[in-house]
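The primary structure of each chain is shown beneath.
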Amino acid sequence: METRRRRRIAFMAAAATAASLGLAACGDDGSSGGSARLTWYINPDGGGSDPAGGGQAQLAKECSDASDGAYDISIQLLPNSASDQRQQLLRRLASQDKGVDIMSIDPVFVAEFAEAGYLAPVPEDKVSTFTDDVVDPAVTNATWKDELVAAPFWANTQVLWYRKSVAKEAGLDMTKPVTWDQVIDAAKKTDSNIGVQASRYEGYMVWINALVEGGGDHIVENPGADGPELKFGLESEGGKKAAEIIQKLNDDGVGGPALGSTDETSTLDMFQNEQAGFMVNWPYVYAALKGAEVDWIKDLAWTRYPQTTEGTESKPPLGGIEMGVAQSSSNQEQAWEAVECLTSQDSQKAYMLGTGNPAARKAVYDDADIKKDFPMAALIRQSLDSSGPRPLTQYYGDVSSGIQREYSPPGSVTPDKTPEQTTQLLKDVLNGDALL
């Protein structure tokens, strides 16, 4: 039972990061008589391929049943990692595969797919349907060059989880906004740790970006620019403060025994085993800790993501999934009808209850069932509204990989060298003068 539980937690964490392919036959137009056969490529979630598992597979069945025969949705499961999802989708989209209709896309890849012409723009008569009552950052990530090219499905964010007893021992007032410096000092004072994601993977990029955004700056300063023209903000005041925080957390020894290999699951383990008194992580943590029946659950608390700079509102990370329709699909009209059902308020509520993945629609957070299962629902919504999107660029893969490389391991990060070195590497890569 414990092995299955840990496997499920790891599965949920991988999907959260990415918020983060079975191969169907190419060339199938997906039509059969009066009913359109739609193939939806989904990222892994807690429901897997089970049509009664509470995940995307269940939504596919329910929306198919509700369509009165207009369409029938089958699902194909993408790999766990966001980078592998990207690669497999790109191969199909580049080949104009008509067997791809609907896709669950990590928000960071929407720009790349749209720039290449692989996404069908949202029909004008459905734009308001997909954007009204949706948190603004999720809409921003679904938009490329002023055109809505995807529909927000769910929108993830991180909060600061902590043990009340540890914060009290440190004298940290959690009723007020706290800074990274304050949390690091509190962990050091109480001989505790802070769970962060600092392994060389996308989760580390999530942390770095949130630190820079929280400092009032942006990693990419001119979204949409061609590669050689991209301008980077890593050497800005916010960028240098981000590097300073990473350096301080490492030097003060509060990142745990293996800071450079931490991810969502390992930091949750640290927190669950009381090695960490503080942790930044996604909302799935609450259900995971309840499911593990930790004996200190009454000591659990949560608050907004820490501030990079004191007095400046934090910019919590933004994750989740956007839903796109392939330009090569022969059933675009039915696909968008299906997306309307799949992203409806009722569907997002059911999906949040079934998987723990937060809804993109604000009204869901006012629902009594949601408030019961997610006592931090109001904080999740507030964090989503205030979140900072990751760099909006069609070159996101290169930007993220370059930053991960130069900022790894965390112990090598210094505010006077790392931002400058990373900026130069990114410029060289995008100018074709260096390889990652």
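For the structure, see preceding data.
Remember, predicted model here, so these are calculated numbers, not experimental data.

In this structure the tally under the stated criterion is eleven aromatic pairs. Between Phe153 and Tyr351, the aromatic rings sit 4.8 Å apart at their centres with planes inclined by 35°, giving tilted as the arrangement. Linking Phe153 in strand S7 (residues 151-154) with Tyr351 in helix H14 (residues 345-355), this pair joins segments that are 198 residues apart in sequence. Residue Phe153 shares its accessibility class with Tyr351, and that shared class is buried. Measuring from ring centre to ring centre gives 5.7 Å for Tyr286 and Trp302, while their planes differ by 80°; the resulting arrangement is edge-to-face.

Next up on the list: the nonpolar core. Core analysis: the largest hydrophobic core is formed by 67 residues, its most contacted members being Trp180, Ile194, Trp207 and Phe278. If you tally residues by element for this core, the top one is helix H9 (residues 202-214), at seven residues. Cys63, Val206, Tyr351 and Leu384 belong to the second-largest nonpolar core, a separate cluster that totals 63 residues.

So, on to helix H11 (residues 264-272). Counting buried positions along H11 yields eight of nine residues, so the element is predominantly enclosed. Considered for burial, the residues of H11 that qualify are Glu264, Thr265, Thr267, Leu268, Asp269, Met270, Phe271 and Gln272. Where H11 begins, the side chain of Asp263 points an oxygen toward the backbone nitrogen of Thr265, at a separation of 3.2 Å. Immediately downstream of H11, the backbone of Glu274 shows phi near 65°, a positive value.

Here we take up helix H2 (residues 56-66). For H2, the complete set of buried residues consists of Gln56, Ala57, Gln58, Leu59, Ala60, Cys63 and Ser64. Note on H2: the residue one or two positions beyond its end, Asp68, has a positive phi of about 55°.

Applying the stated rule across the entire model yields one disulfide. Disulfide partner of Cys63: Cys341, at an S-S distance of 2.1 Å. Residues Cys63 and Cys341 are joined through a disulfide that is left-handed, its torsion about the S-S bond being -90°. Highlighted residues: Cys63 in helix H2 and Cys341 in helix H13 (residues 332-342), separated in sequence by 278 residues.

Before going further, it helps to examine the pairing of strand S8 (residues 159-163). Most of S8 sits out of view: five of its five residues are buried. Because side chains alternate across S8, one face comprises the buried residues Val159, Trp161 and Arg163, and the other comprises Leu160 and Tyr162, equally buried. Alignment of S8 against strand S11 (residues 300-303), held across four bridges, turns out to be antiparallel. Note on S11: the bridge partner recorded for Tyr162 is Ala301.

This part is about the pairing of strand S10 (residues 278-281). Of the two faces of S10, the one carrying Phe278 and Val280 and the one carrying Met279 and Asn281 are both buried. Taken together, the four bridges between S8 and S10 define a ladder with antiparallel strand orientation. When the sheet's bridge partners are listed, Val159 is paired in S10 with Asn281. Note: strand S9 (residues 194-195) against S10, two bridges, orientation parallel. Among the inter-strand pairings, Ile194 is bridged to a residue of S10, identified as Phe278.

What follows covers the packing of H9 against helix H10 (residues 237-251). Direction vectors running N to C along H9 and H10 enclose 125°, while the axes themselves pass 8 Å from each other. Regarding the angle of H9 to H10, the classification is oblique. By crossing handedness, the relation of H9 to H10 is classed as right-handed. Facing H9, whose interface residues are Tyr204, Trp207, Ile208, Leu211 and Val212, H10 presents Gly238, Gly239, Ala242, Ile245, Ile246 and Leu249. Class assignment of the residues belonging to the contact of H9 with H10 gives a composition of nine nonpolar, two polar and no charged.

For any two helices packed against each other, the geometry is given by the interaxial angle and the distance between the axes. Viewed as axis vectors pointing N to C, helix H8 (residues 180-189) and H10 meet at an angle of 5°, and their least axial separation amounts to 10 Å. In this view, H8 runs roughly parallel relative to H10, as classed from their interaxial angle. In this structure, H8 uses Trp180, Asp181, Ile184 and Asp185 to contact H10, whose residues at the interface are Lys241, Ile245, Lys248 and Leu249. When its residues are assigned to classes, the contact of H8 with H10 shows four nonpolar, no polar and four charged.

About the thresholds
Residues numbered from 1 in each chain as written. Predicted model: local features only at pLDDT ≥ 70, side-chain atom pairs only at ≥ 80, totals over all residues. Heavy atoms only, no water. Phe/Tyr/Trp six-rings, centres within 6.5 Å; stacked < 30°, edge-to-face > 60°. Helix = DSSP H or I, 4+ residues; strand = E, 2+ residues; numbered from the N terminus. Buried < 20%, exposed > 50% of the residue type's maximum accessible area, 1.4 Å probe, protein only. Core = buried A, V, L, I, M, F, W, Y, C linked by side-chain atoms within 4.5 Å. Polar contact = N/O pair within 3.5 Å; in protein donor to acceptor, adjacent residues only side chain to side chain. Disulfide = S-S within 2.5 Å. Pairing = 2+ DSSP bridges. Axes fitted to C-alpha atoms, helices over the stretch in contact; angles between N-to-C directions. Parallel < 35°, antiparallel > 145°, perpendicular 65-115°, else oblique. Left-handed = near helix turned anticlockwise from the far one by under 90°. Contact = heavy atoms within 4.5 Å. Nonpolar A, V, L, I, M, F, W, Y, C, P; charged D, E, K, R; others polar.

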